[in-house]
Amino acid sequence: MPDALLTVGLRKTYRAAVALDGVDLRVGAGELVGLLGPNGAGKSTLTKIACGLVRPTAGHVTVLGRPAGSTAARARTGYLAELFRFPGWATADEVLELHQRLARSGGGAPERRELLALVGLAEAAQRRVEAMSKGMAQRLGIAQALIGEPGLVLLDEPTSALDPAGRRTIRELLEGLRGRGVAVLLNSHLLSEVELVCDRVVIVDRGRTIAEGAPHELAAAGGVEVETVAGMRRFPDAGREEVPALVARLVSEGEEIYGVRVVTGTLEDAYLGLVGRDAR
Amino acid sequence: MKLVRDLQTIGGYALREAVRRKVLLVVVVLTICFLALYAFGSHQAFQEVTRASGAVDAPGLQEEVLTGSTLLGLAMFVTLFLGTVLAVFVTLNAVRGDAERGLLQPLVVRPVGRSTLLLARFLAAGAVCIVYVQIVYWSAVLLTDATGGYRPGNAVAGAVSLAAAVTIIVALALLGTTLLSSTANGIAIFMVFGAGLAAGLIGQIGAALDSQTLEQISSIATWALPFEALYQDGLHALTADIDGVTGVIVQLGPFGGAADAGPLLYPFALVYLVVAGLLADRAFRRADL
């Protein structure tokens, strides 16, 4: 089975500005990959190239084995843009119907009902977009991206306008997609969510891939904390395996131990360590 | 088959937008106002001519024909202007404007393709504008006949030329929307329309003064902007059969001195349309959205 998304040496320049500088990326079939990076790192450009909105300057991109942007590739791709709008005069059902026609989906009304229910908009089928909250419109956008059972779904900041309940809905939806073998490239600034749902994370900065791996691989260990009479003592270089020896040594030195905690590093720590804390 | 279905889908979407956004309602209401005003003005003008009949010492002058042809020339000009306004507004955001607002991207990523999308927008806008100018033009023809009994020599030629002219304007507006933002495109199309109008008037002044230079400038400009040449051609067809002293006066008037562009005009307009369409398609296909 071909990769859902494969980029090799992908480069994109806008006059003198380099948006992507030779990015190699692979999203396997049914894989959920998080794309992280600071503002201007090239994440949205990469996503737009994958769905054919932007033409690459150089490199090779395929979607499910077809050249990105080709009719065959677009027919198997679902996309939610970071900044998107649907016509305010249309109802949720009309928006989905239009996209069904454009995507040549034969799902009809049952597919529309299922998708609206999936994103928690079952009761809003006849509501006009202009009467929707930002979060509802975002949910509708996600439903639109899933029309026609795509093999690859590209989501650019899908939860940016959602409240915690909405985020949980989308998280469950993403897990459901993975269960159905749909590959997802999730472009997000919400590291905690990416960490929760993604199989793999790719971090890009200044148009280059700077790190790649499973979230737990990227999240560095944070040492061991031991609660003693004197207070909390931190052993930053210690790992889980060294806890018994460490406790034994402290007890032998006369310390009274009240608690031990292995500090796990977060993806956020790893991310900030890689890209720095400077705002861009 | 797929192409036809895609064209129907996108064209239907564009038309539904125009209806839901009340664009067509506004157009209908204002057009009714214009036609009512035209009917009233035409009625008054013919009544005045009947009252003052014989007051002018010009043997052979057919005052009703002079009045009717002038009124209809005015109606034709206004029809093209209103058709241009409609063309600009129904295509204003078609590409750049919708892309800037994030409306276009969800559509473009679908397998339907950019060329089909553009063609559908052209067909929908073209159909709306052609139907519109035909309704306004034929209403004016009927009103002129009803109020003053004047029927132009070749009304069909006028109708065909208006349809062709507004189609060219739709194509230019769509080309503009692939290159310019909404406001810039609207301004550009109105300026192009104004330039065409000025070129036509220069040609008429040139003809009246027998200035070959002015006529040549006008000819080049109207062929560069063939909607004006088409309009002039249609205008000419309306009054070409008026002879004698009435014909001479009509030719001197603001809507009578139009030039017959000859048999190459329509083939040229077709080629112009195709080239404008291809340029728009190329620009749209190459655009990063």
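Computed from a prediction, not measured in an experiment: that's the story for all the values here.

Visitor: Sorry if this is basic, but what is going on with the overall build of chain A here?
Guide: Broken down by element type, chain A carries ten helices and 13 strands. Seen through its C-alpha atoms, chain A measures out along the principal axes to roughly 75 × 45 × 40 Å. Here chain A holds 280 residues, and the buried ones make up 42% of them.

Visitor: Looking at this model, I keep getting lost on the overall build of chain B. Mind explaining?
Guide: When you go through chain B residue by residue, the secondary structure sums to twelve helices and zero strands. When the helices and strands of chain B are read in sequence order from the N terminus, they spell out α-α-α-α-α-α-α-α-α-α-α-α. For chain B, the C-alpha radius of gyration of 21 Å lies close to 19 Å, the compact-globule estimate for 289 residues. Counting the 289 residues in chain B, one finds 44% classified as buried.

Visitor: Even after reading the chapter, I still don't get the environment of A224 of chain B, so can you show me in this structure?
Guide: All names here are of chain B. Within the secondary structure, A224 is located in helix α9 (residues 212-224). Here A224 falls in the partly exposed class, since 14 other C-beta atoms lie within 10 Å of it. Along the backbone, A224 and A269 are 45 residues apart, and their C-alpha atoms lie at a distance of 9.8 Å.

Visitor: What's the story with the nonpolar core in this structure? I'm lost.
Guide: Side chains of a nonpolar character, in soluble globular proteins, are inclined to be buried together. Of all hydrophobic cores here, the largest spans 144 residues; its most connected members are L5, V184 and L186 of chain A together with A87, A165, I169 and V170 of chain B. With 16 residues, the single largest contributor to this core is helix α6 (residues 114-148) of chain B. In this structure L5 of chain A touches L25, V27, A50, V63, L152, A183 and L185 of chain A, once residues within four positions along its chain are discounted. V65, L66, Y150 and I242 of chain B belong to the second largest nonpolar core, which has five residues in total.

Visitor: I would appreciate a short explanation of the sheet that holds strand β4 (residues 58-63) of chain A in the present structure.
Guide: All names here are of chain A. With antiparallel pairing, the four strands of this open sheet are ordered in space as β2-β1-β4-β5. The open sheet has two free edges, formed respectively by β2 (17-27) and β5 (66-67), since each of these has just one partner strand. With five bridges joining them, strand β1 (residues 5-14) and β4 adopt antiparallel strand pairing. Across the sheet, T7 pairs through a bridge with V61, a residue of β4.

Visitor: Where do I start with the confidence of the model for chain B in this structure?
Guide: All names here are of chain B. A residue-level look at chain B finds 95% of positions with pLDDT of 70 or above and a mean pLDDT of 88. When mean pLDDT is taken per element in chain B, helix α12 (residues 265-286) scores highest with 95 and helix α11 (residues 244-252) scores lowest with 72. Here the predicted complex scores 0.83 on pTM and 0.79 on ipTM.

Visitor: Explanation requested: the domain arrangement of chain A in the structure shown.
Guide: Bring the parts together and some accessible area is lost; that lost area is often taken as the interface size. When cut into domains, chain A gives domain 1 (5-217) and domain 2 (221-264). Measuring from the centre of the C-alpha atoms in domain 1 of chain A to the corresponding centre in domain 2 of chain A gives 44 Å.

Visitor: Mind showing me how you'd approach the environment of G158 of chain B here?
Guide: Residue and element names in this part refer to chain B. For G158, the location among the structural elements is in helix α7 (residues 155-179). The exposure class of G158 is buried, given the 28 C-beta atoms found within 10 Å. Each C-alpha atom, one on G158 and one on A237, is 6.6 Å from the other, the two residues being 79 residues apart in sequence.

Visitor: Is there a simple way to explain unusual backbone geometry in this structure?
Guide: Glycine aside, a negative phi is what most residues show, and trans is what most peptide bonds show. If you check the backbone angles, E157 of chain A has positive phi at about 55° while not being a glycine. For E157 of chain A, the position within the fold is in the loop between β7 (152-156) and α6 (164-179).

Visitor: Any chance you could explain the interface of chain B and chain A here in plain terms?
Guide: Chain B puts 19 residues into the contact, and the matching count from chain A is 23 residues. Residue assignment for the side of chain B that touches chain A shows that the elements contributing at least two residues are α1 (2-20) and α5 (105-108) of chain B. Of the residues contributing to the side of chain B that touches chain A, the split by class is nine nonpolar, four polar and six charged.

Visitor: Would you mind going over the sheet that holds strand β9 (residues 200-205) of chain A with me for this structure?
Guide: Pairing between the strands of a sheet comes from backbone hydrogen bonds, and it takes one of two forms, parallel or antiparallel. Residue and element names in this part refer to chain A. The strand order across the open sheet built from six strands is β6-β7-β8-β3-β9-β10, with neighbouring strands paired in mixed fashion. Because the sheet does not close on itself, it has two edges, and the strands there are β6 (77-80) and β10 (208-213). Ignoring strand direction, the axes of neighbouring strands in this sheet form an average angle of 15°. Relative to β7, β6 runs parallel, the two sharing four bridges. Of the residues in β7, the one forming a bridge with Y79 is L154. Relative to β6, helix α5 (residues 134-145) is tilted by about 165°, and along the sheet it contacts β6 and β7.

Reading the values: the criteria
Residues numbered from 1 in each chain as written. Chains lettered and ligands numbered in written order. Predicted model: local features only at pLDDT ≥ 70, side-chain atom pairs only at ≥ 80, totals over all residues. Helix = DSSP H or I, 4+ residues; strand = E, 2+ residues; numbered from the N terminus. Buried ≥ 20, exposed ≤ 12 C-beta atoms within 10 Å, placed from the backbone. Rg over C-alpha atoms; globule rule 2.2 N^0.38 Å. Core = buried A, V, L, I, M, F, W, Y, C linked by C-beta atoms within 7 Å. Contact = placed C-beta atoms within 7 Å. Pairing = 2+ DSSP bridges. pLDDT = per-residue confidence, 0-100. Domains from an automatic or database assignment. Nonpolar A, V, L, I, M, F, W, Y, C, P; charged D, E, K, R; others polar. Axes fitted to C-alpha atoms, helices over the stretch in contact; angles between N-to-C directions.

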